[in-house]
Structures are given as structure tokens and as C-alpha cells.
Amino acid sequence: MKNLNSRRDFIKTSALVTGGILAPAFIVPGAYAAPANELKLAVIGCGGRGTGAVFQAFATGHPIKLVAMADAFEDRMESSYKAIFDKHGADKVDVPKEKRFVGFDGYKKAIAEADVVILAAPPGFRPSHFEEAVNQGKQIFAEKPMATDAAGIRKVLAAAEVAKAKKLNVVVGLQRHYQNNYREVMKRIHNGDLGEIVSGQVYWNDGGVWVRERKPEQTEMEYQMRNWYYFNWLCGDHIVEQHVHNIDIANWAKNSYPVKAEGTGGRAVRTGKDHGEIFDHHVLTFTYADGSVIHSECRHFPGAANRVDETFQGTKGRVFLSAGNHGVMTDWKGNPIYTHDRENQPNPYQQEHDELWATLVKGEYKFADAENAAKSTMTAIMGRYATYSGKVLTWDEALNGTVDLFPDTLAWDAMPKILPEADGYYPHAIPGKSKVV
């Protein structure tokens, strides 16, 4: 697999996303024929994020109708359908029972009904769902991350090339790319206001997320699907599912992807049977081709100090960023270079939909987020490989890894590849002993 880590490769293949420095070159009027009336929407994965993305699509004010839904679980889909229909009614929602597809293969049928698809199932399904949407020629909003292992990333990268050839718009929910403080700061970084970026620190430290209790009637497949955050084939660990946001910002600041990763992690606090196989902390350094190093840190420790932000140091100064609209750049004497106005800023979760749907109703081609999103996801996966193994891993070693986490068979009575041991605990990686690639 070709190594794409240089500044030149990054700019060619990923900075064309919205907020990137070459975005206007992707505007191709008439790339596809916009429907004369309503754009037909399907949502794949009807949890909170998928449901929320439908609400955000409708909030754009464009002529959109939800025409199909798909989820592995009927109860989750029906709950989502009720919430959407109760708010928007028949004017925006036309999803009769026969267009609400339940099960592992329902996504194919739902995608076929629509012009535009929202992909919001657990991340382990993203590669196959994205590939199918591209093959069917649909416009796409996909939630992050794009995969949970290198095998999935390779599938996404291949489909991303097809999407570009077909001029299919793809927006991915790395919403900081659609947030004004990040856009303004990155524009200045890329213009050289901080000189060369030589180091940085990126964080997602918080108290963790939900746990869903095992029920006696559940098969192992259903239990893992319901409790998907704690299994790598579905989630990728929280370094991939959450911390990918911050790691992506490091790649954006550097205009490249790291050439190696090293670090450690483990299970210090979150150690129960219901916590599956994932770690509760990861601490890493990512090294880029120019020798610069980014410190990466994420943890789920209830009661500990929280921190979710990014800082970078350049030869001329430094910058602090956060999702709270912070954007403060100073030189090394403390003199201001840029301070972002935090007031009256648009919601980036809404902004990504506003920009996507405005493009779609015009029949334009503007967004190609998939490749960068896949490579930033791969950066996070490489980080997990490094913390799980305790080894120093290169980009090529990680991307070419042959371990495929996805089950051989998807069925409620089929077995995932990770199973509990006799005591009910799931095996987990041990740094220095585990082989992950």
C-alpha cells in the first residue's frame, strides 16, 4: 500500500474537504442532476446520531423527504421513526412499514429508495454501508469514524476513489472541519502565521459513556450489538470512536499523516464484565515525516479532570483550540496573532448539513471528505494498535495489517470473533504481549 504521509499527498488527497485550502476547486456545477422536487433521504442506523442527523437535514429548510429507514433492531428504528414523525409529520416523512427495513441487510434496500443517505450505524458497519451507497451512486452523509480496523479502512479508501470518479458528494461528521474557529485558525496555520508546526497536544479526556446491561434472553451477537461501544469490531475503542476528532485536527494542522506511533494504555478504572474489551486510557506520540511529534491522550476516568481540546506549537508561536469556539494564536512573546470571536457562531453539527444540502439542491459537486476521514480514522486505529501491542508501528505496517475484526457471519445466532471467557470477562490486549496487526 502506497504511503501517503507527505505534505504534498495530504493536500492533494484530503485538504479539498470543506474548510480545506483547496475547497473551491471541487465545485463542479451540474455534476449530477438535482431532482426537480424533493430530495429523497434514507437513514441507515436509527440511534441518537442517525435520528439527530435527520433532524439537522430537515432544519436546513430545503425540500427533503425521509423515504426509508434501516436498522438492525426494530425497536430502535420504530422509536426513531416516532420521534421524527411526531416532530415533522407527513409533509417531511413518508416511510410506511414496508420501507422500514430491519436486520443486517436492510441497508441495501433503504439506500436504493433514496437520493441521499445518512450512514450512522455503529462504525464497524461503515465500510460496507459506505461501499454500498457509493456503488448505488448516492450522495452521502457519513458519521465518523469510517472503520474500526485497517481492513475496513482499505475498503473505504477504495470506495472513496469511486465516489470521486462518480462525483458523489460525501460529507463526514468530523464537524470541526465545518466550525468557524477551526477554519479560521487552520487558514492562518497554513498561511505560515505560526511558522512550521513542530509539536502539539490533542486530548479527549472525560468520564466515559453509557453501559447497557446484558439481558438473559440476548444472544452474544445481540448483546455486543446493544453494547457496541465496548467491542472493537463495532466501535474501535474510544481512541477511534471519540478521539478521532482531535487526532484529525492534528493531521489538519500538519497537512499530513503520521509515519509512526508509539504509546501505551490499559484498563485502570473501567474493568467490569460489561466493559467488553476496550481500554479506558491511551497515551501516544505520533511522529510525522518532518520529525515533529504530536502528543495524543484520551481516557475515560469518572471523577477525574476533563479535557477535550488541541494545542500546537510552531516556530513563530502557538495556538489553543477547542470545540467551544476557542481559537487563540499568539507569538512566543504573548502578542496576539489571532483571537476568534466566540459569540454568535453557527453550530458545526448543523453547519455541515447546511453546506451539504445547499450543494445538493443545486446539483453541484463540492465535498470529498471520505479520504481524509478514512486516513484520520486510520491514524487513530494505528494509535490503538500501538497502545494494545506496546510496539512502535509505522503507517505502512498499520495500514497493511491483516487482522480483520468483523464477524465472518452476521446473524443473531452467529458468534462474533471476541467472546467472553468462562468467568464472563472478555479477553483484552496486554501491551508487550498482544499482536494486533
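Note that this is a predicted model, so its numbers are computed, not measured.

Looking at the element boundaries, Cys298 is found in strand S10 (residues 293-300). Residue classification places Cys298 among the buried residues on the basis of a relative accessible area of 1%. Sequence separation of Cys298 and Asn205 is 93 residues, and the distance between their C-alpha atoms is 4.9 Å. Beyond its immediate sequence surroundings of up to four residues, Cys298 is in contact with Trp204, Asn205, His238, Ile239, His243, Asp280, His281 and His282.

So, about the pairing of strand S2 (residues 64-71). Burial of S2 is extensive: eight of the eight residues sit out of reach of the surface. As defined by bridge partners, strand S1 (residues 39-44) adjoins S2 across six bridges and the pair is classed as parallel. Looking at the pairing, Ala42 lines up with Ala68 of S2. The parallel pair S1 and S2, bridged by helix H2 (residues 48-59), forms a crossover whose chirality is right-handed. For S2 and strand S3 (residues 100-102), the ladder comprises three bridges, and the chain directions are parallel. Counted as the bridge partner of Asp71 is Val102 from S3. The handedness of the S2 to S3 crossover, carried by helix H3 (residues 74-88), is right-handed.

Next up on the list: the pattern of salt bridges. Scanning the model with the defined rule gives 22 salt bridges in all. Glu241 is the salt-bridge partner of Lys144, the closest N and O atoms lying 3.1 Å from each other. Of this pair, Lys144 sits in the loop between strand S5 (139-142) and helix H6 (150-165) while Glu241 sits in helix H9 (residues 238-241), placing them 97 residues apart in sequence. Salt-bridge contacts for Glu220 lead to Arg214; the nearest nitrogen and oxygen are separated by 3.2 Å.

What follows is about the UniProt feature "domain: GFO/IDH/MocA-like oxidoreductase" (unreviewed entry) in the protein. In the UniProt entry, the feature "domain: GFO/IDH/MocA-like oxidoreductase" (unreviewed entry) is given for residues 182-319. Taken end to end, residues 182-319 is 22% helix and 31% strand, and its first and last C-alpha atoms sit 11 Å apart.

Quick look at the pairing of strand S13 (residues 327-331) now. Judged from the five bridges that link them, strand S12 (residues 317-321) and S13 form a sheet pairing that is antiparallel. In the sheet register, Gly317 faces S13, and the bridge partner there is Asp331. A loop of five residues connects S12 with S13, the two strands running antiparallel in sequence, and Asn325 in this loop sits at a positive phi of about 70°. In this antiparallel pair of consecutive strands, S13 and strand S14 (residues 336-339), the connection spans four residues, and Gly334 shows a positive phi of 90°.

Turning to the packing of aromatic side chains, a few remarks are in order. To describe a pair of aromatic rings, you give the distance between the ring centres and the angle between the ring planes. Counted according to the given criterion, the structure contains 16 aromatic pairs. For the pair Phe104 and Trp412, a centre-to-centre distance of 4.6 Å together with 40° between the ring planes defines the contact as tilted. Remark: Trp412 occurs in the segment after helix H13 (395-399) and Phe104 occurs in the loop between S3 and helix H4 (106-112); sequence separation between them is 308 residues. Judged by its relative accessible area of 13%, Phe104 falls in the buried class. When the ring of Tyr223 is compared with that of Phe231, the centres are 6.1 Å apart and the planes differ by 80°; the resulting orientation is edge-to-face. Cluster of aromatic residues (ring-pair linked, three or more members): Trp210, Trp228, Tyr229 and Tyr230. Note that Arg212 overlies the ring of Trp210, its terminal NZ or CZ placed 3.8 Å from the centroid. When the ring centre of Phe73 is taken as origin, the NZ or CZ atom of Arg226, which lies over that ring, is 3.7 Å away.

Another aspect to go through is the domain arrangement of the protein. Here the protein is partitioned into domain 1 (39-176) and domain 2 (180-341 + 369-400). Measuring from the centre of the C-alpha atoms in domain 1 to the corresponding centre in domain 2 gives 25 Å. Taken together, the contact pairs 30 residues of domain 1 with 37 residues of domain 2. The interface formed by domain 1 and domain 2 holds four salt bridges in total. For the pair domain 1 and domain 2, the number of links is 14 residue pairs in polar contact (both at pLDDT 80 or more). Of all the secondary structure elements, the ones that give two or more residues to the side of domain 1 that touches domain 2 are H6 and strand S6 (170-172). The element best represented in the side of domain 1 that touches domain 2 is H6, accounting for eight residues.

Definitions and limits used
Residues numbered from 1 in each chain as written. Predicted model: local features only at pLDDT ≥ 70, side-chain atom pairs only at ≥ 80, totals over all residues. Heavy atoms only, no water. Helix = DSSP H or I, 4+ residues; strand = E, 2+ residues; numbered from the N terminus. Buried < 20%, exposed > 50% of the residue type's maximum accessible area, 1.4 Å probe, protein only. Contact = heavy atoms within 4.5 Å. Pairing = 2+ DSSP bridges. Right-handed = clockwise from strand over helix to strand, strands pointing away. Salt bridge = Lys/Arg side-chain N within 4 Å of Asp/Glu carboxyl O. UniProt positions renumbered as here; feature names shortened; annotations may be inferred. Phe/Tyr/Trp six-rings, centres within 6.5 Å; stacked < 30°, edge-to-face > 60°. Lys NZ or Arg CZ within 6 Å of the ring centre and 35° of its normal. Domains from an automatic or database assignment. Polar contact = N/O pair within 3.5 Å; in protein donor to acceptor, adjacent residues only side chain to side chain.

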